[in-house]
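Coordinate inspection notes
Listed below are the residues making up each chain.
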Amino acid sequence: MGHVRFRSAVAPLRRGPFPVPAARPGRASRAVAEIVRDLRPTDPLHCIRPSVLTETAGRFVEAFPGTVLYAVKCNPEPAVLRALHAGGVRHFDCASPAEVRLVRQLFADAEIHYMHPVKAPTAIREAWSRHGVRDFSLDSAEEIEKILAETDGARDLGLFVRLALPKGGAVYDLSGKFGAQPDEAARLLRRARAAAARVGICFHVGSQCLDPLSYDRAIRLAAEVSRDAGVELDVLDVGGGFPVSYPDVTPPPLNDFVAAIGAAFSAAGFGPSTSLWCEPGRALVAPGVSVVVQVLKRRGQELFVNDGVYGSLSDAGVPGFRFPARLIRAEEGAPAPDSAFAFYGPTCDSADFMKGPFMLPDDVGPGDWIEIGQLGAYGGCLRTAFNGFDQARLVEVEDVPLLATPGYSSNARRVA
Ligand SMILES: *Cc1c(COP(=O)(O)O)cnc(C)c1O
C-alpha cells in the first residue's frame, strides 16, 4: 500500500527569516506601527500580543470559580497556546486528532479533553492510547459504545453528555448541530455512569453570548437532567460563549457571567462533589491578535485590501462582525477626520466583501496599512489558500488591544 501524504492546504504563518527589527532596550518586542514602517509588509501581518494573551488568561482563570479549558479551535497558533499556558491555562478542549497532537507536543503537563461529540474511532484510539486523553464528550448511545470499544474497557474514563439547548441569545447559535435532548441525555448519563470513572454534562450556549442568564437557563436544564437520570454529576461543564468587545458591542463584564454561573450552580443544588468547568475560546484570545493589511486601491468609500473573507477576516463577511481598525501610514501626516469604509478582499470572488463599517481617516489610500483588531478568535485559523492568497507573517508586539473588554484586558497602558 502506498503512503498517503498529508499536507496543510494553507501556508503556515511565517515567523522569519525576515528581518524583524530589534526591540528597544528593555523590551521583548516592539510596537505595531514601528514594525510596519520598518518592514513595509505586502502580505497580511499577524501581530500577536503575548502579554495581553497571558494577562487575559490569568484574569479569566482567577475569576472563574472552577477549571478553565481553552477551546483550541479558536486559535491553535503555538505562540498563542504558549502565552495562554503562561497565564495559567493547563486544560485544553480539543476536537480533532491534530489539535490533540499539537497540545501534547507543546505541553507535557496539559490535560487534554476531547470535547467533540462525533469522533472517528481512530481519533478516539489515538487520543486515548498515545496522548493520555481520558475525557470524551458524546451525544448518542453509539458514541458511548464507540468510545468504550476504542479504549479497551478502560476504567478511568470521563464521559461527558453534550446537552442540546434551545436557541438562545448568542450571536453565533450552536444549538442545531450537537447535543442530546433532555430525555435522551438522561438515558446517556445513566449508561455513562455504569461505564465511566467520572461523568459530566456539557453544553454550549452559543458563541459571543451577551446574556449571562443564558448560562443560568442551561445550568437549570442540566440539573433537571441529572435529577431525572438519578445520576450525580462529577463535572458540570458550562462550555464557551463568553463575549468580547467589538466596535458596536460592549458586553457585560466577565464578573456578571461568573456571578450568574455561580448563583445558578448553587441554586440548582449541585453538591461539593460536582466540579465546575468552562471552555472559553473567543474570550481568551480575541484581543490578543490583530492583523495589518495593506490598501491596494480606493474606490470611493470602498478599500481593496490584501486580506479578506477567505483569509483571516471570515467573520467580517457574511456574519457581519465589525472590527476596530486604525490607520498606519508610511509617513506620519496631519490627522484627518474619520469616515466609514467597506473592504473588498484580494480574491476575485465578489463575495469577498466586508461591509464594516470600518472607521478610518478620510484620506486613507493605496499603500497605507490598516491594523484590524480583535482577530485573535476565529481569525487566522479560518484562512484558506483560495486564489493563492495564503501568505501571512507573524510578529510579536507589545501594543495593547485596539478595544478593551470589560473585566479582562485594559487599554490603560497604551503604548505611545
Ligand atoms: C467552539 C467551542 C468552544 C469555544 O467557544 P467560544 O464561543 O469561542 O468561547 C467551547 N466548547 C466547544 C465544545 C466548542 O465547540
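Located above this text is the structure these notes cover.
Given the structure is predicted, the values throughout are model-derived calculations rather than measurements.

**Some words on the nonpolar core**
- Leu236 and Ile370 are the most contacted members of the largest nonpolar core, which totals 108 residues.
- Top element by residues in this core is helix H8 (residues 213-229). It accounts for eight residues.
- If sequence neighbours within four positions are ignored, leucine 236 has contacts with Ile201, Phe203, Ile219, Ala222, Phe265, Phe270, Thr274, Ser275, Leu276 and Trp277.
- Ranked by size, the runner-up nonpolar core spans twelve residues in total, among them Val36, Leu39, Leu45 and Val395.

**Considering the pattern of salt bridges**
- In this structure the tally under the stated criterion is 22 salt bridges.
- The salt bridge partner of arginine 125 is glutamate 150, with a shortest N-O separation of 2.9 Å. Linking arginine 125 in helix H5 (residues 121-131) with glutamate 150 in helix H6 (residues 141-150), this pair joins segments that are 25 residues apart in sequence.
- Residue arginine 125 is classed as partly exposed on the basis of its relative accessible area, which comes to 29%.
- What makes glutamate 150 buried here is its relative accessible area of 17%.
- Residues participating in the shared-partner salt-bridge network are Arg49, Arg326, Glu371 and Asp399.

**Digging into the site of the ligand**
- Around the ligand there are 14 residues in total, and Lys73, Ser207, Gly241, Glu279 and Tyr378 lie nearest to it.
- For the ligand, an oxygen atom lies 2.4 Å from a polar atom in the side chain of serine 207.
- A distance of 2.9 Å separates an oxygen atom of the ligand from a polar atom in the backbone of arginine 282.
- Burial of the ligand by the protein chains amounts to 91% of its free accessible area of 390 Å².

**Digging into empty space enclosed by the protein**
- This model, assessed by the stated rule, comprises four cavities of 30 Å³ or more.
- Estimated volume of the largest cavity: approximately 50 Å³.
- What lines the largest cavity is Pro44, His46, Asp307, Gly311, Arg383, Thr384, Phe389, Asp390, Gln391 and Ala392.
- Taken together, the residues of the lining of the largest cavity sort by class into three nonpolar, four polar and three charged.

**Side note on the side chain of serine 290**
- Looking at the element boundaries, serine 290 is found in strand S12 (residues 289-299).
- Here the side chain of serine 290 touches arginine 49 through a polar contact of 2.8 Å, side chain to side chain.
- If we skip the residues at most four places from it in the chain, serine 290 touches Leu45, His46, Cys47, Arg49, Glu371, Ile372 and Gly373.

**Looking at helix H9 (residues 254-267)**
- Look at H9: 20 Å from first C-alpha to last across 14 residues, which is about the 20 Å you get at 1.5 Å a residue.
- Within the span of H9, buried status applies to Leu254, Phe257, Val258, Ala260, Ile261, Ala264 and Phe265. End-on view of H9: buried residues confined to an arc of 165°, all on one side of the axis. Among the exposed residues of H9, those oriented more than 90 degrees off its buried face are Asn255, Ser266 and Ala267.

Thresholds applied
Residues numbered from 1 in each chain as written. Predicted model: local features only at pLDDT ≥ 70, side-chain atom pairs only at ≥ 80, totals over all residues. Heavy atoms only, no water. Core = buried A, V, L, I, M, F, W, Y, C linked by side-chain atoms within 4.5 Å. Buried < 20%, exposed > 50% of the residue type's maximum accessible area, 1.4 Å probe, protein only. Helix = DSSP H or I, 4+ residues; strand = E, 2+ residues; numbered from the N terminus. Contact = heavy atoms within 4.5 Å. Salt bridge = Lys/Arg side-chain N within 4 Å of Asp/Glu carboxyl O. Near = heavy atom within 4 Å. Polar contact = N/O pair within 3.5 Å; in protein donor to acceptor, adjacent residues only side chain to side chain. Areas by Shrake-Rupley, 256 points an atom, 1.4 Å probe, with all protein chains shown as cover. 1 Å grid on protein atoms, 1.4 Å probe; cavity = no way out; pocket = protein on both sides within 12 Å on 5 of 7 lines; lining within 4 Å. Points joined across faces, edges and corners; volume = space filled by probe spheres on them. Nonpolar A, V, L, I, M, F, W, Y, C, P; charged D, E, K, R; others polar. Expected span 1.5 Å × (residues − 1). Arc of directions from axis to C-beta.

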